[in-house]
Amino acid sequence: MDLAREEPAGDEEMEQLVRVPSANIPLMENHLQRTHFPGMVRKKAYIFNGLGNYYNKEWDLAEGSGQEFCWYHVELPKGKQKLSQSAQYLIDVLCPPLKLQDILSLVSNGPFCGHVDGALVFRVNSPGPPASHFTFRLAARVTENSVITISLGRVPRLGFSPVGQSLLSEIPSVESPSFRSGERKEGSGIVIREHVLEFLLTMNHSEEADNPVPKSVSNLVVHILDTHVDHLQDIVTKLEMELDSVELELDRGGFALKKEMLDERRFPKMHLNLQRLLQVIAHGEQVFPRVKEKCSSKHWFANEDISSLEELIGRLRRLKENVGFLANRVTALQAGLDSWQSEQINRKLYYLSLLSIIFLPLSAITGVFGMNVGGVPWTVQKDPALKDGFRNVLALCVVMLLLVLVCFIFPALYTRLTAWHRRRSLRRSWSYNQRSFLKRTIGFQERGGYHRI
């Protein structure tokens, strides 16, 4: 499998994983908002009552009152758009009430954590191309009664769905050709297809239906950061599985597979993706402690959520170590492939050198006798006395070829002769010692002694 062409789970798997009937979610007033880029970004708006309940609401970017707080999430497309184009998308959906400094603090690349216009703003935006599956961008603007977040592409488990609608809470059944996925058979659970199982095996968390509904803004901030770390953990798990399969292919494969991996630059691309992932984790290591420091001074940020932020920081550090181990494995595999390629090149050069050494003396002989000058022996074609000149030249070439071969074979012959001489010397020494021992034993017995066993 090619890690460089790795793609996240598609909409089909996610639709099968979480089935959300829109009729079950309470929806507040939802008026159509006119935008200059309709359909370019995905928007979600929730309002929480502070008692463990939430509702969908209209996109008005208003703050909650009392115990209520709102959450507005914007999902930017993973395409080839420029950073300025992403900024235009955010201006289109967030302004007003946000100002230009708010938009720039949310969409810019690199780590950041600070107060902008009275609100806490933090981001962990990596500077890679937006179309890459190893480019992550997450930014948030937090106030006492509202949170605005921006992500690049879909973040698993970030949203909410009604409890009991998750596929993980169903009783699974083995897929059979007699009925399709999603159908129930009497006496068995819901059928899970193989590709859905492969997707679930890469997940280190539950899905949206199992998310606890936050009761405060601090719970929501921890939830957002927790899903970001879970997303990174999913990518690392998928990379580990892909790397294990590649190692298995290398063990089973031959010349063609190794040549294909070298031509496709498989491992250098893996290493580049791992470096991008390390950069994202490093941004989180810089931002998360600063978020914890600034949130600890807020009266509306709970102490247990501060502890949760410390746990997330520890998870990031362990994740960074894991990615470092993966990078070392990729480096070792690339070194093995480079060594194999060097052996192939050295073997070809050895054969080429052998042919050159064989034919170089022959070329010298034929060059000497092919000169168009006088005095060269055996070159007068009309002289009957020199009719055997061609045969003499061939014989000289054969003698020269045998001499070259002897020069090549001499080291091996010398080694064999040396080993034979050493074995012969040892054999003679052993025979002499045995005869001496027998002679001493026989003489001792004739003198009336005995031999101790």
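Note that the coordinates shown come from a computational prediction; the quantities given were computed from them, not determined experimentally.

**Section: the overall build of the protein**
Here comes step 1: Of regular secondary structure, the protein possesses nine helices and nine strands.
Here comes step 2: Here the protein holds 453 residues, and 40% of them are scored as buried.
Here comes step 3: Accessible surface, the protein: about 26,900 Å² in total, of which carbon and sulfur atoms supply 57%.

**Brief notes about helix α3 (residues 100-107)**
Here comes step 1: Burial in α3 covers these residues: Asp102, Ile103, Ser105, Leu106 and Val107.
Here comes step 2: Residues of α3 that are buried make contact with α2 (83-94), β4 (110-116), β5 (119-125), β6 (138-142) and β7 (146-152).

**Regarding a positive patch on the surface**
Here comes step 1: A cluster of basic residues, Arg422, Arg423, Arg424, Arg427 and Arg428, forms a positive patch on the protein surface.
Here comes step 2: With respect to the helices and strands, Arg424 occurs in helix α9 (residues 389-446).
Here comes step 3: Using a relative accessible area of 36% as the deciding quantity, one classes Arg424 as partly exposed.

**Concerning the confidence of the model for the protein**
Here comes step 1: Of the residues in the protein, 72% reach a pLDDT of 70 or more, and the chain-wide mean stands at 77.
Here comes step 2: Residue range residues 179-187 is modelled with pLDDT below 50. Its contacts to residues more than four positions away, or to other chains, number 15 contacts.

**A look at the UniProt feature "transmembrane region" (unreviewed entry) in the protein**
Here comes step 1: The feature "transmembrane region" (unreviewed entry), as annotated in UniProt, sits at residues 349-373 and 393-414 in this numbering.
Here comes step 2: Secondary structure across residues 393-414 comprises 100% helix and 0% strand; the distance between its end C-alpha atoms is 31 Å.

**What to know about the nonpolar core**
Here comes step 1: Trp71, Val142, Phe267, Leu277 and Phe288 are the most contacted members of the largest nonpolar core, which totals 60 residues.
Here comes step 2: For this core, the secondary structure elements donating two or more residues are β1 (42-48), β3 (69-76), β5, β6, α5 (217-252), α6 (255-264), α7 (266-295) and α8 (303-369).
Here comes step 3: Per-element tally for this core: the top contributor is α5, with 14 residues.
Here comes step 4: Beyond its immediate chain neighbours, meaning those up to four positions away, Leu277 contacts Phe136, Leu232, Ile235, Val236, Leu239 and Val323.

Parameters at a glance
- Residues numbered from 1 in each chain as written.
- Predicted model: local features only at pLDDT ≥ 70, side-chain atom pairs only at ≥ 80, totals over all residues.
- Heavy atoms only, no water.
- Helix = DSSP H or I, 4+ residues; strand = E, 2+ residues; numbered from the N terminus.
- Buried < 20%, exposed > 50% of the residue type's maximum accessible area, 1.4 Å probe, protein only.
- Areas by Shrake-Rupley, 256 points an atom, 1.4 Å probe, with all protein chains shown as cover.
- Contact = heavy atoms within 4.5 Å.
- Patch = residues over 30% accessible without salt bridge, like charges linked within 9 Å, V, L, I, M, F, W, Y side chains within 5 Å.
- Salt bridge = Lys/Arg side-chain N within 4 Å of Asp/Glu carboxyl O.
- Lys, Arg positive; Asp, Glu negative; His and termini not counted.
- Charge placed at Lys NZ, Arg CZ, Asp CG, Glu CD.
- pLDDT = per-residue confidence, 0-100.
- UniProt positions renumbered as here; feature names shortened; annotations may be inferred.
- Core = buried A, V, L, I, M, F, W, Y, C linked by side-chain atoms within 4.5 Å.

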